[in-house]
Amino acid sequence: MTEERPGTGAEVDNVLSALADPTRRKLLDLLAARGEVTATTLAEDLPVSRQAVVKHLTVLDAAGLVSGNRVGREVRYTVRPAALDATARWMATLAADWDRRLAAVKRLAETAERAPDR
């Protein structure tokens, strides 16, 4: 049986899946740099249509990475960092686990190296 780490559920899965696409990562970068922006404005900086941008934003929204706020006829999108923070914490925990394992392997190798030949 494996121990379940905090943050390894569907939220992290959704974030990693959403970030697997380079266009969505670019959208997240643009939103982080600009603040509240419409899909039309975002599409001006990407080689895809406004409709494609909206589809990508829908995936990012479902993953909890962005949110849309209707202002009149426009929908303005902003970054929601909480889901990304949870994913970063999960990754940091995973990295720390690997660091501990590698340190243990190093200690074993150094102990074996110092041991006299039989």
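For the structure itself, look to the data block above.
> Requested: an account of the packing of helix α1 (residues 10–19) against helix α5 (residues 81–114), with residues and values cited.
Remark: α1 packs on α5, axes separated minimally by 9 Å, with the N-to-C direction vectors making an angle of 100 degrees. Here α5 runs roughly perpendicular to α1, going by the angle between their axes. For the pair α1 and α5, contact is made by Glu11, Val12, Val15, Leu16 and Leu19 and by Ala83, Leu84, Ala86, Thr87 and Trp90, respectively. Across the contact of α1 with α5, the residue classes break down as eight nonpolar, one polar and one charged.

> Can you lay out the side chain of Arg24 for me, pointing to particular residues and giving the numbers?
Inspection of the secondary structure puts Arg24 in helix α2 (residues 22–34). Despite its burial, Arg24 remains without a salt bridge, the nearest opposite charge being carried by Asp21 at 4.4 Å.

> Describe α5, with residues and values.
Taking 1.5 Å per residue, 34 residues should reach 50 Å; α5 reaches 49 Å between its end C-alpha atoms and fits that length. Residues of α5 that are buried in the fold lie against α1.

> Requested: an account of the pattern of salt bridges, with residues and values cited.
Applying the stated rule across the entire model yields six salt bridges. Residue Arg76 is joined to Glu36 by a salt bridge in which the shortest nitrogen-to-oxygen separation is 3.9 Å. Taken together, the positions of Arg76 in strand β3 (residues 74–79) and Glu36 in the loop between α2 and β1 (37–38) put the pair 40 residues apart, joining distant regions of the chain. Residue classification places Glu36 among the partly exposed residues on the basis of a relative accessible area of 40%. Put simply, Asp61 and Arg80 hold a salt bridge, and the shortest N to O gap is 3.9 Å. Here Arg80 lies in the loop between β3 and α5 and Asp61 lies in helix α4 (residues 50–62), a separation of 19 residues in the sequence. Classification of Asp61 as partly exposed rests on a relative accessible area of 35%. Arg80 gets classed as partly exposed once you look at its relative accessible area, which sits at 36%. Members of the salt-bridge network, linked through shared partners, are Glu36, Glu74 and Arg76.

Rules of the game
- Residues numbered from 1 in each chain as written.
- Predicted model: local features only at pLDDT ≥ 70, side-chain atom pairs only at ≥ 80, totals over all residues.
- Heavy atoms only, no water.
- Axes fitted to C-alpha atoms, helices over the stretch in contact; angles between N-to-C directions.
- Helix = DSSP H or I, 4+ residues; strand = E, 2+ residues; numbered from the N terminus.
- Parallel < 35°, antiparallel > 145°, perpendicular 65-115°, else oblique.
- Contact = heavy atoms within 4.5 Å.
- Nonpolar A, V, L, I, M, F, W, Y, C, P; charged D, E, K, R; others polar.
- Buried < 20%, exposed > 50% of the residue type's maximum accessible area, 1.4 Å probe, protein only.
- Lys, Arg positive; Asp, Glu negative; His and termini not counted.
- Salt bridge = Lys/Arg side-chain N within 4 Å of Asp/Glu carboxyl O.
- Expected span 1.5 Å × (residues − 1).

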